[in-house]
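Tertiary structure, described
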Amino acid sequence: MANLHVGFIGLGKMGVPMAENLLRAGFRVTGFDLNREAGPQLDGYVAFARADSAAAAARESQAVILMLPDSKVVDALLWEGAPGLAATLAKGTLIIDMSSSDPVHSRGNASRLEQIGLGFIDAPVSGGVKRAVDGSLSIMIGGTAQEVERGRPVLEAMGKTLIHVGAAGAGHAVKALNNFVSASGLIAVCEALVAAEKFGIDPHLVNQVFNASTGKNNTTEHKVENFMLSGKFNSGFALGLMRKDVQTAKDFIAGMGTPDEFVQKCLAVSQAAEAALEKGADHTAVYAYVRSAK
Ligand code: NAD
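In what follows, the accompanying structure is described. All of these numbers come straight from a predicted model, not from anything done at the bench.

Cut-offs used in this document
- Residues numbered from 1 in each chain as written.
- Predicted model: local features only at pLDDT ≥ 70, side-chain atom pairs only at ≥ 80, totals over all residues.
- Heavy atoms only, no water.
- Buried < 20%, exposed > 50% of the residue type's maximum accessible area, 1.4 Å probe, protein only.
- Helix = DSSP H or I, 4+ residues; strand = E, 2+ residues; numbered from the N terminus.
- Pairing = 2+ DSSP bridges.
- Near = heavy atom within 4 Å.
- Polar contact = N/O pair within 3.5 Å; in protein donor to acceptor, adjacent residues only side chain to side chain.
- Areas by Shrake-Rupley, 256 points an atom, 1.4 Å probe, with all protein chains shown as cover.
- Axes fitted to C-alpha atoms, helices over the stretch in contact; angles between N-to-C directions.
- Parallel < 35°, antiparallel > 145°, perpendicular 65-115°, else oblique.
- Left-handed = near helix turned anticlockwise from the far one by under 90°.
- Contact = heavy atoms within 4.5 Å.
- Core = buried A, V, L, I, M, F, W, Y, C linked by side-chain atoms within 4.5 Å.
- Arc of directions from axis to C-beta.
- 1 Å grid on protein atoms, 1.4 Å probe; cavity = no way out; pocket = protein on both sides within 12 Å on 5 of 7 lines; lining within 4 Å.
- Points joined across faces, edges and corners; volume = space filled by probe spheres on them.
- Nonpolar A, V, L, I, M, F, W, Y, C, P; charged D, E, K, R; others polar.

Looking now at the pairing of strand β4 (residues 63–66). The alternating pattern of β4 places Ala63 and Ile65 and Val64 and Leu66 on opposite faces, both of which are buried. Here strand β1 (residues 5–9) pairs with β4 via four bridges, running parallel. Within β4, the position partnered with valine 6 by the bridge is alanine 63. Note that β4 and strand β5 (residues 94–97) share four bridges and pair parallel.

To continue, consider the site of the ligand. Near the ligand there are 23 residues, and of these Lys13, Met14, Asp33, Leu68 and Lys244 occur at the shortest range. One nitrogen or oxygen atom from the side chain of aspartate 33 is found 2.6 Å from an oxygen atom belonging to the ligand. Between the ligand and glycine 236, the relevant distance is 3.0 Å, taken from a nitrogen atom to a main-chain nitrogen or oxygen of the residue. For the ligand, whose accessible area on its own is 830 Å², the fraction buried by protein is 85%.

Direction vectors running N to C along helix α9 (residues 203–211) and helix α10 (residues 218–228) enclose 165 degrees, while the axes themselves pass 10 Å from each other. By the criterion of interaxial angle, the relationship of α9 to α10 is roughly antiparallel. The two elements α9 and α10 meet at a crossing, and its hand is left-handed. Across the interface between the two elements, His204, Asn207, Phe210 and Asn211 of α9 pack against Thr220, Glu221, Val224 and Glu225 of α10.

Cis geometry marks the peptide bond from alanine 82 to proline 83; its omega dihedral reads -10 degrees. Tracing the backbone through its elements, the reader meets proline 83 in the loop between α3 (71–79) and α4 (85–88). Positive phi values are uncommon outside glycine, yet phenylalanine 233 reaches one of about 45 degrees. Mapped onto the elements of the fold, phenylalanine 233 is located in the loop between α10 and α11 (239–256).

All right, on to the nonpolar core then. Membership of the largest hydrophobic core comes to 34 residues, with the highest contact counts inside it found for Phe8, Met18, Leu22, Ile96, Met98 and Leu155. When contributions to this core are tallied by element, the ones reaching two or more residues are β1, α1 (15–24), β4, β5, β8 (137–142) and α7 (145–156). Setting aside chain neighbours within four positions, we find phenylalanine 8 in contact with Gly15, Met18, Ala19, Leu22, Val29, Thr30, Gly31, Phe32, Ile65, Met67 and Met158. Phe180, Ala183, Val189 and Val206 belong to the second-largest nonpolar core, a separate cluster that totals 31 residues.

When we look at burial in α9, the residues that qualify are Pro203, Val206 and Asn207. End-on, the buried residues of α9 take up no more than an arc of 95 degrees, which puts them together on one face. The secondary structure elements touched by the buried residues of α9 are α8 (170–198) and α10.

A word on the layout of surface pockets. Space inside the largest pocket adds up to approximately 1400 Å³. Along its surface, the largest pocket is lined by 49 residues, and Met14, Gly128, Val129, Gly236 and Phe237 are the ones closest to its centre. Breaking the lining of the largest pocket down by element, the ones donating at least two residues are α3, β7 (125–126), α6 (128–133), α8, α10 and α11. Among the residues forming the lining of the largest pocket, the class breakdown is 21 nonpolar, 19 polar and nine charged. Considered as a void within the structure, the second largest pocket measures approximately 220 Å³ in volume.

Here is the structure:
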């Protein structure tokens, strides 16, 4: 797939730096976003073209990346409208859904796309905007071995750790589960820091101890100082997206019939924080929510 033409749909906080890394790696990229002004820096690349519809972005592409908010948007784009994107693609086109979508929907999409001669892999990412910028995302992939190999050169331009976790939908399942585990760590840290502060302990010192002890996690290492105690709340990952991921994990776990008490609690806190904070709040603002409720 080297030198191939990639269609990129969804030029948001993550999509723009990911598309830039494809361009730097030598791919031709045609992008589309509902917001025509998204990612103006992309227009500076000679190998970048901006399309005025998703179908136009995908028309000459051998691979089409979706980096969209959720399964509802992905499904509508593929199947709805007159016609949906899927019906406009050349046979053999590989669709790579890198959004954090719902695994059950993705499994369904893979099967429907196969029936009309199109390939599909789910390849959601972890690492946030920072690692999207430096091309070191962690990418969990679902799909057949053959299609995963077809997509690998494209994915390698955006990520550092690529793990093929199973059949179509498995990547999205692991992504939702990862974000549930991550959100649980974030909420636990918020509750711990607020209680410690009320007891009179400096939260910076508390976090220093966590990072030198068994409480260390991604929140303590990367978010507490940079985005929470600094009051900046600008990590680039919206609380609404975190809540969606935890909801997906809850639905997935409930669907498996395995214990789901903790994920339910994690979802309830995420929903309450989202309802209390302003629209579009960053996920690190859960700290402000917990603080305001003390
Ligand atoms: P974002 O809201 O910044 O970007 C989404 C983009 O999709 C927007 O620019 C929007 O205009 C566009 N869009 C929506 N519907 C569209 C449509 N029908 N056609 C074309 N464009 C459309 O979101 P983001 O932070 O870039 O996240 C994208 C995906 O990646 C989400 O599924 C999110 O859960 C996941 N994700 C985000 C992060 C992060 O740190 N931000 C990390 C890992 C995964």
